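Each chain, letter by letter, is given below.
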Amino acid sequence: MIDSHLHLWDPGQLDYDWLHHVPAIAGRHGPEDFVGLDRRPSQVVFVQADCAPTQALAEVDWVAGLAPSALDIPAIVAFAPLETGAAVQSRLDALQHRPRVRGVRRSAQNEADGFLSAPAHIDGMVAAAERDLTLDLCVRDRQLPELVKVLQTFFARVPAARVVLDHLGKPDIALHGGDITGADWADNLKRLAAFPQVFAKISGLTTQDDWATGRDATLRPYIDHALACFGPDRLMFGGDWPVVDLAGGYGRWLTIFDEATTHLSAEDRDRISGGVAADVYRITPSPDVQETAR
């Protein structure tokens with residue numbers, strides 16, 4: 001199993017302003033904490049954790065320098081200021097010299113309407129894709145119509161690009177509950193899935209529900225709809241640790257994921273549980289996984 005979406009942070013090393021708003025998880029979360037969980041995947045993809053933008057390269061170097069015996073992190077999705085357009089190219093060049101970097105993310109979830117579709121931002125996306133870097137996109141459900149329009153322009157310029165939608169586009173589960181028919185999110189997700197180059201992460205759903213009173217069954221319609229839209233060959237499991245600890249923890253999310261995919265064939269489960277992430281982020285199995293397969 002590969003977790004396609006894991007964060008690590010150490011406020012003693014880097015600055016994370018947003019952690020002040022979530023004191024429950026504001027302390028250091030390193031690989032030693034993740035490997036202490038009862039259940040965990042064998043490999044993970046590290047996704048940038050929104051430290052200060054000027055520290056983005058330092059974040060990559062910190063993660064790459066962690067002891068490999070503690071946690072196998074074969075791929076990194078790094079921060080890049082895509083909205084700077086052509087000016088981002090030097091940053092992308094620096095990232096390409098770091099071999100574990102397989103993709104970039106400029107989270108837009110808290111940006112105003114129009115941020116995604118700004119010409120400079122699209123130019124930055126194109127520059128990353130032309131360097132064969134996967135683009136992780138973190139947006140909220142209200143931004144999905146704008147994203148659809150952006151991708152029409154983007155894929156016309158770089159048809160072979162790989163785009164990954166984080167957290168299924170962050171549907172407002174706390175508002176809509178388990179009734180996806182009353183939300184625009186369902187239709188917009190289907191529109192995004194019409195682009196064959198778009199993949200999506202089954203991740204981050206528990207924190208889109210009420211953190212204290214959310215129920216496991218409420219999330220099932222969202223996962224079922226993602227399966228119907230993308231199929232097992234364009235979906236990947238993501239744990240979103242340690243953010244997931246705000247809403248029941250990693251073990252709870254794994255149980256929800258297991259129950260939602262138990263009806264699938266073993267082959268399809270393997271694709272979602274790790275095969276798709278391995279393809280998208282160009283990951284080879286760790287030595288212990290290769291030995292088990294022999």
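All figures in this text were calculated on a predicted structure; none of them were measured in a lab.

Basis of the calculations
- Numbers given to residues run from 1 along each chain, matching the order in which its sequence is written.
- Side-chain atom pairs in this predicted model are given and counted only at pLDDT of 80 or more, local residue features only at pLDDT of at least 70, and totals for whole chains, interfaces and linings cover all residues.
- The side-chain quantities take in all heavy atoms of the structure and omit both hydrogens and water.
- Here, a salt bridge means any side-chain nitrogen of Lys or Arg that lies within 4 Å of a carboxyl oxygen of Asp or Glu.
- The secondary structure listing takes helices from DSSP runs of H or I that are at least 4 residues long and strands from runs of E that are at least 2 residues long, numbered from the N terminus.
- The buried label goes to any residue with under 20% of its type's maximum accessible area, the exposed label to any with over 50%, and the partly exposed label to all in between, with areas taken from a 1.4 Å probe on protein chains only.
- In this scheme, strands are said to pair when DSSP sees at least two bridges between them.
- Note on method: axes are straight lines fitted to C-alpha atoms, helices fitted across the in-contact stretch only, with angles between N-to-C directions ranging 0 to 180 degrees.
- By definition in these notes, contact holds between two residues if any of their heavy atoms fall within 4.5 Å.
- Angles are sorted into four bins: roughly parallel if under 35 degrees, roughly antiparallel if over 145, roughly perpendicular if 65 to 115, and oblique for all others.
- Note on convention: near helix rotated counterclockwise from far helix by under a right angle means a left-handed crossing. Clockwise means right-handed.
- Classes in brief: Ala, Val, Leu, Ile, Met, Phe, Trp, Tyr, Cys and Pro nonpolar; Asp, Glu, Lys and Arg charged; the others, Gly included, polar.
- Stacked, tilted and edge-to-face are the three classes applied to pairs of Phe, Tyr and Trp rings, where Trp contributes its six-membered ring and a pair requires centres within 6.5 Å; stacked means planes under 30 degrees apart, edge-to-face means over 60, and tilted covers the rest.
- Note on handedness: a clockwise path from strand one over the helix to strand two, with the strands aimed away from the viewer, defines a right-handed crossover.
- Multiplying one less than the number of residues by 1.5 Å gives the expected span of a helix.
- A residue's bend is the angle separating two fitted axes: one through the seven residues that end there, the other through the seven that start there.

Q: When you look at the pattern of salt bridges in this model, what are you seeing that I'm missing?
A: Note on pairing: side chains with opposite charge can pair once their charged atoms come close. Per the counting criterion, the structure on display carries 19 salt bridges. A salt bridge links Asp132 to Arg162, with the nearest nitrogen and oxygen atoms 3.1 Å apart. On the criterion of sequence distance, the pair formed by Asp132 in the loop between helix H4 (119-130) and strand S5 (134-137) and Arg162 in the loop between helix H5 (144-157) and strand S6 (163-165) is long-range, its members being 30 residues apart. Take Asp132: its relative accessible area is 41%, and that puts it in the partly exposed class. The buried category is assigned to Arg162, whose relative accessible area is 18%. Note that Asp279 is salt-bridged to Arg271, the shortest N-O span being 3.0 Å. Residue classification places Arg271 among the partly exposed positions, given a relative accessible area of 22%. The network of salt bridges with shared partners includes Arg105, Asp136, Asp166 and Lys201.

Q: Looking at this structure, I do not really get the sheet that holds strand S7 (residues 198-202). What am I missing?
A: Hydrogen bonding along the main chain pairs the strands of a sheet, whether they run parallel or antiparallel. Spatial ordering of the open sheet is given by S1-S2-S3-S4-S5-S6-S7-S8, a layout of eight strands whose pairing is parallel. Pairing within the sheet leaves two strands with one partner each, and these edge strands are strand S1 (2-6) and strand S8 (235-237). Averaged over all neighbouring strand pairs, the angle between strand axes comes to 25°, with direction disregarded. Sheet topology note: the S5/S6 ladder contains three bridges and is parallel. Across the sheet, Leu137 pairs through a bridge with Leu165, a residue of S6. The strands that helix H9 (residues 249-261) touches are S1, S7 and S8; relative to S8, the one it contacts most, it runs at about 145°.

Q: Explain the packing of helix H7 (residues 185-193) against helix H8 (residues 216-230) to me, please; I cannot follow it from the model alone.
A: Each packed pair of helices is defined by two parameters, the angle between the axes and the distance between the axes. At their nearest, the axes of H7 and H8 sit 9 Å apart, and the two run at 30° to each other. Accordingly, the angle class assigned to the pair H7 and H8 is roughly parallel. Regarding H7 and H8, the two cross each other, and that crossing is right-handed. Of H8, the residues touching H7 (which contributes Trp185, Ala186, Leu189, Lys190 and Ala193) are Tyr222, His225, Ala226, Cys229 and Phe230. Among the residues forming the contact of H7 with H8, the class breakdown is eight nonpolar, one polar and one charged.

Q: Would you take a moment to explain unusual backbone geometry for this structure?
A: Glycine aside, the phi torsion of most residues is negative, and most peptide linkages are trans. The linkage connecting Trp241 with the following residue, Pro242, adopts the cis geometry, with an omega of 0°. When you line up the elements, Pro242 lands in the loop between S8 and H9. Residues other than glycine seldom take positive phi values, yet Leu168 does so here, at roughly 55°. Summarising the element assignment, Leu168 is placed in the loop between S6 and helix H6 (173-176). Note on Leu168: relative accessible area 0%, which makes it buried. One non-glycine residue, Arg282, lies in positive phi territory at about 55°. Tracing the backbone shows Arg282 in the loop between helix H10 (266-280) and helix H11 (287-293).

Q: Any chance you could explain the packing of aromatic side chains here in plain terms?
A: A ring pair, where both rings are aromatic, is described by two values, the distance of the centres and the angle of the planes. Throughout the structure, instances matching the rule amount to nine aromatic pairs. Plain terms: the ring middles of Phe34 and Tyr250 are 5.3 Å apart, the flat faces sit at 90° to each other, and that makes the pair edge-to-face. Of this pair, Phe34 sits in helix H1 (residues 31-34) while Tyr250 sits in helix H9, and the two are 216 residues apart along the sequence. Residue Phe34 is classed as buried on the basis of its relative accessible area of 0%. Among the aromatic residues, ring-to-ring pairing joins Phe34, Phe237, Trp241, Tyr250 and Phe257 into one connected group.

Q: I would appreciate a short explanation of the pairing of S5 in the present structure.
A: A regular strand places its side chains so that they alternate between the two faces of the sheet. Neither face of S5 is open: one carries Thr134 and Asp136, the other Leu135 and Leu137, and all of them are buried. Bridge count for strand S4 (residues 101-105) against S5 is three bridges, and the pairing is parallel. Across the sheet, the residue bridging to Arg105 is Asp136, located in S5. Note on the crossover from S5 through H5 to S6: the handedness is right-handed.

Q: What is the right way to look at H10 in this model?
A: Turn by turn, an α-helix covers 3.6 residues, leaving residues three or four places apart pointing in a common direction. Compared with the 21 Å implied by 1.5 Å per residue over 15 residues, the 20 Å span of H10 between its first and last C-alpha is a close match. The sharpest bend along H10 comes to roughly 55°, located at Ile272. Within H10, burial applies to Ile272, Ser273, Gly274, Gly275, Val276, Ala277, Ala278 and Val280. At the C-terminal side of H10, Arg282 shows a positive phi close to 55°.

These figures capture arrangement, not role.
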